[in-house]
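# A structural walkthrough
Chain by chain, the residues run as shown.
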Amino acid sequence: MNSLLKIVAVIFWVSLNPLQAQTLTQTVRGKVVDQVTKAPMPGATVMILNTDPLMGATTDLDGDFKILQVPVGTHTLRVSFVGYKDLILPNVLVNSGKEVVLSISVEEDFGQMQEVVVVANEKDRTVNDMVTVSGRTFSVEETRKFAAAVNDPGRMAASFSGVVSTDDGNNNISIRGNSPNGLLWRMEGIDIPNPNHFVNPGTSGGGISILSSQLLTNSDFLTGAFSAEYGNALSGVFDLSLRKGNNEKSEFTFQAGFLGTDIAAEGPIAKNYKGSYLINYRYSTLSILSKMGVPLGDFATDFQDLSLNIYLPTGTKSSFTIFGFGGLSDQNKDALKDSLEWSSDFDRYSSTYFSNTGAIGIKHSYMIDRSNFLQTTVLASGNTIGDKMNRLDEEYQDQEWYYENFGNSKITFSSVLNSKLSARSNLRSGIYLNQLYYNLRENGIDEEKNQMETFINSKGSTQTIQAFSQLNFRATEQLTFNVGVHYLQLLLNNSNSIEPRLSASYELDEKQRISLGYGLHSQIQPLGTYFAEYEEEGEIFKPNENLGLSKSHHFVMGYDRKLNPFLRMKIEGYYQHLFNIPIKPGVDETYSIINQQWSFMTDPLVNEGLGKNYGAEFTLEQFTHKNLYFLLSASIYNSLYKTEENIWRNTRYNGNANLSLTAGKEYNLKKNRMLGFNIRSIYGGGLRKTPVDLEESIAKNETVLIDEQAFEEQNPAYFRTDLRVSLKWNRLKSTSTLALDIQNVTNRKNIYGSYFEPFTGEIKTAYQTPLIPLLSYRIEF
């Protein structure tokens, strides 16, 4: 704690130490395009409000604009074009270290009877114009400045209504009581593999995000009743967009901290060519935390990652984009050779774990004409997860205990056509084709036979097909409909789903809006589940190879109100009916795949399970105004499931309630210098757990749960507060930020769960992450 106080003192000292006072400026430029067809808007006017004299520019034939010598600070832009709604862009942050390059989409106005102004600080209005309910936009700035977000979209999302972190040690999130594994990740309009380090098989989260915030621009987060283009997801969607690198000048970012060292570079590919590159590399420095005495476990942990986005225009109507990411992570642990040093059974195990993930894609964008825009993408992706665990026997000999190696790779082709049918209606249709390859193996010890048994051993390929079409129709200036359908088929066993989607939004007045949404959604099971096997009388059986898709009906109703230009309130109620859920057959079985945390279930399953999630969410949010923002999120909910025993039980993730406050304030100390304080505090109901059968655990020398009491116990309430203190200062050609994030600043010992400890013969409690300080320094130039 003394070290933390010293770090905070340094930040305050630097903030009070005077720098050379000077007026700093930077260039603001960008491109204005049609929201649907992406056609450039020549002659559009872009003005910076509240400047004297008024600063602005007009777009050229390519829709580009440039405003020179804009003072450093936060500005509001107004974009106007004949026949289109005026757009207000507040909180445009201008720093001296990098140019501000904007991509602005404007919406055609079919009314023409009165001036209509769209204010783009309403973050419930998503980047995707066909999302009506249960969606919001998040910015790169939020992933950076939210306390404990550490540039990670998953950890940032824990501030939003309906979202609960399931484990401090990773970024898994439960959305509206659903399993974290129901989350879909997309990048540049195409599905990608789980983009995290230290992932477990079958999951959607991990220890640390692979993706660099350097590459992201404003993106969408969806929590229910998704529009028709999204499929193979039950709980939520991260729809990520990448920014283009600066195509006029070279710029660099360097960041060093306890989590890792980042180096990013961007710039033009060639002189007098509008193409650009953007690349970021990071190498882990987690060992620094261990040396400071922060308990990170007994593993030696390393990771590194690379992200890129290369933009290659081929004319005024078409362009190619090469984008991708890759991450390598591993954890290794050696068994203690001396039994006198053993304090738990865990000490006699050695482990070698790795998780490698990557994706590389090429996207072609083509403006067919002023009404049609075609985007075609080919993506190659894959991930491999491996773990080998040995156990020292009583004679200190290594005994093979567990082995897994799960390899998946995929080639994806997508083609999406956006058509403007009229000023009132837009049509978006597309197809996704996936060629999947898998090489899956899992072995484990059978203690009774004292030999390794095979649970999964399968190598081969299969395909999936997805197609969709959705219509956006503005019946009036107040009333908008989105109607569509999605189709999903897994050719491995020909399981399929035709899924209608419908949503509507009605503007009661300029301050109030109501919305309704419905969607049928489905998801393919974790791939290894299909290939579970067992041997009987010398014959291999695969009981799960014909499992169907899990499915869910989503119903959403919402109300939004702008209390003033900077403050909004949002209320949403929802009901989700889950069916066709894989469960263990039998009237005395309580297992449902809904509660599976990680890995693949290898027992026989049937699609006879049910589930239901229902609740209400409240959001009160002030967008940044006078350097102050806050986000108050509250949720009450119920999450239940049922097997063939015909009893509604709590799911693992049924905490019943969650409350979070995220806030921040920045102070202008002296010229070109800003001190920031950010806080996030979360209070929520504890997750559910199944009690441990001590007597049976002692008999079997391992944790045995009382399955007939599945999830009848609840952990104590979860409470955690995170703090971030930052200092930013602008110089003539650079911007620097020194920041200290303190996770779990009160060092509260939140309970994760219980387990049986064979070494002592007792039931032990596992706790979540303690206080962790994360210091970082960042410079842009």
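What you see is a predicted model, and the numbers here were worked out from it, not measured in a lab.

### Digging into the pattern of salt bridges
Scanning the model with the defined rule gives 40 salt bridges in all. One salt bridge in this structure joins Arg176 and Glu617, with 2.8 Å as the shortest N-O distance. Within this pair, whereas Arg176 is found in the loop between strand E11 (173–175) and strand E12 (183–187), its partner Glu617 is found in strand E35 (residues 606–625), the two being separated by 441 residues in sequence. Pair check on accessibility: Arg176 and Glu617 agree, each one buried. Each of Asp129, Arg186, Asp191, Glu229 and Arg428 takes part in a single network of salt bridges with overlapping partners.

### Some words on a nonpolar patch on the surface
Side chains of Phe320, Ile362, Val378, Ile411, Phe413, Ile431, Leu433 and Tyr437 sit close together on the surface and give an oily, nonpolar patch of about 610 Å² of accessible area. Broken down by element, the nonpolar patch gets its largest block of residues, three residues, from strand E26 (residues 425–446). On the secondary structure map, Phe413 appears in strand E25 (residues 398–420). Residue class for Phe413 comes out partly exposed when judged on its relative accessible area of 33%.

### Quick notes on the nonpolar core
One finds Phe160, Phe221 and Phe238 to be the most contacted residues of the largest nonpolar core, which totals 30 residues. Breaking this core down by element, the ones donating at least two residues are E11, E12, strand E17 (236–240), strand E22 (318–333) and strand E36 (628–642). Broken down by element, this core gets its largest block of residues, three residues, from E12. One finds Leu87, Val92, Val94 and Phe373 within the second-largest nonpolar core, a separate group that totals 24 residues.

### Description of the pairing of strand E16 (residues 219–222)
Across the two faces of E16 the burial is the same, with Ser219 and Phe221 and Asp220 and Leu222 all buried. Judged from the four bridges that link them, strand E9 (residues 135–138) and E16 form a sheet pairing that is antiparallel. Pairing of Arg136 across the sheet is with Phe221, part of E16. Pairing analysis gives three bridges linking E16 to E17, with the strands arranged antiparallel. By the bridge assignment, Asp220 is partnered in E17 with Asp239.

### Some words on the pairing of strand E29 (residues 495–507)
Here is the key point about a regular strand: its side chains alternate between the two faces of the sheet. By the bridge criterion, 12 bridges tie strand E28 (residues 479–490) to E29 in an arrangement that is antiparallel. What sits directly across from His486, in E29, is Glu499. Following E28, the chain reverses through four residues before pairing antiparallel with E29; Asn494 in that reversal takes a positive phi of roughly 60 degrees. What sits between E29 and strand E30 (residues 512–523) in their antiparallel hairpin is a turn of four residues.

### Quick look at the packing of aromatic side chains
In total, this model carries 20 aromatic pairs according to the counting rule given. On the basis of an interplanar angle of 10 degrees and a centroid distance of 5.8 Å, the ring pair of Phe146 and Tyr629 is categorised as stacked. In this pair, Phe146 is assigned in the loop between helix H2 (140–145) and helix H3 (153–156) and Tyr629 in strand E36, connecting sequence segments 483 residues apart. Of the two residues, Phe146 and Tyr629, neither departs from the other in class, the shared state being buried. Seen in terms of ring centroids, Phe198 and Phe303 are 6.1 Å apart; in terms of plane orientation they differ by 85 degrees. Their pairing is edge-to-face. With Phe198 in the loop between strand E14 (196–197) and strand E15 (208–209) and Phe303 in strand E21 (residues 300–313), the pair connects residues that are 105 residues apart, well separated along the chain. On the basis of relative accessibility, which here comes to 13%, the residue Phe198 falls in the buried class. Relative accessible area serves as the criterion here: at 1%, Phe303 is assigned to the buried category. An aromatic cluster is defined as three or more aromatic residues linked by ring pairs; in this entry it consists of Phe138, Phe160, Trp185, Phe221 and Phe238. Above the ring of Phe346, the side-chain terminus of Lys333 is found at 4.5 Å from the ring centroid.

### Re the sheet that holds strand E4 (residues 64–71)
What the three strands build is an open sheet, ordered E4-E1-E7; its pairing is mixed. Since the sheet does not close on itself, it has two edges, and those belong to E4 and strand E7 (100–106), each with one partner. Within this sheet the neighbouring strands show an average axis-to-axis angle of 25 degrees, counted without direction. Pairing of strand E1 (residues 25–34) with E4 involves six bridges; the strand directions are antiparallel. Across the sheet, the residue bridging to Val28 is Ile67, located in E4.

### Digging into the environment of Pro195
Along the chain, Pro195 turns up in the loop between strand E13 (190–191) and E14. In this structure Pro195 comes out as buried when scored by relative accessible area, which is 0%. Discounting chain neighbours no more than four positions away, the residues touching Pro195 are Trp185, Ser209, Ile210, Leu211 and Phe325.

### Brief notes about the sheet that holds E13
The mixed open sheet is built from five strands, whose spatial order is E9-E16-E17-E12-E13. Strands with a single pairing partner mark the edges of an open sheet, and in this sheet they are E9 and E13. In the sheet, E12 pairs with E17 via five bridges, with the strands oriented parallel. Each residue of the ladder has a partner; that of Trp185, found in E17, is Phe238.

Each value, and the rule that gives it
- Residues numbered from 1 in each chain as written.
- Predicted model: local features only at pLDDT ≥ 70, side-chain atom pairs only at ≥ 80, totals over all residues.
- Heavy atoms only, no water.
- Salt bridge = Lys/Arg side-chain N within 4 Å of Asp/Glu carboxyl O.
- Helix = DSSP H or I, 4+ residues; strand = E, 2+ residues; numbered from the N terminus.
- Buried < 20%, exposed > 50% of the residue type's maximum accessible area, 1.4 Å probe, protein only.
- Patch = residues over 30% accessible without salt bridge, like charges linked within 9 Å, V, L, I, M, F, W, Y side chains within 5 Å.
- Areas by Shrake-Rupley, 256 points an atom, 1.4 Å probe, with all protein chains shown as cover.
- Core = buried A, V, L, I, M, F, W, Y, C linked by side-chain atoms within 4.5 Å.
- Pairing = 2+ DSSP bridges.
- Phe/Tyr/Trp six-rings, centres within 6.5 Å; stacked < 30°, edge-to-face > 60°.
- Lys NZ or Arg CZ within 6 Å of the ring centre and 35° of its normal.
- Axes fitted to C-alpha atoms, helices over the stretch in contact; angles between N-to-C directions.
- Contact = heavy atoms within 4.5 Å.

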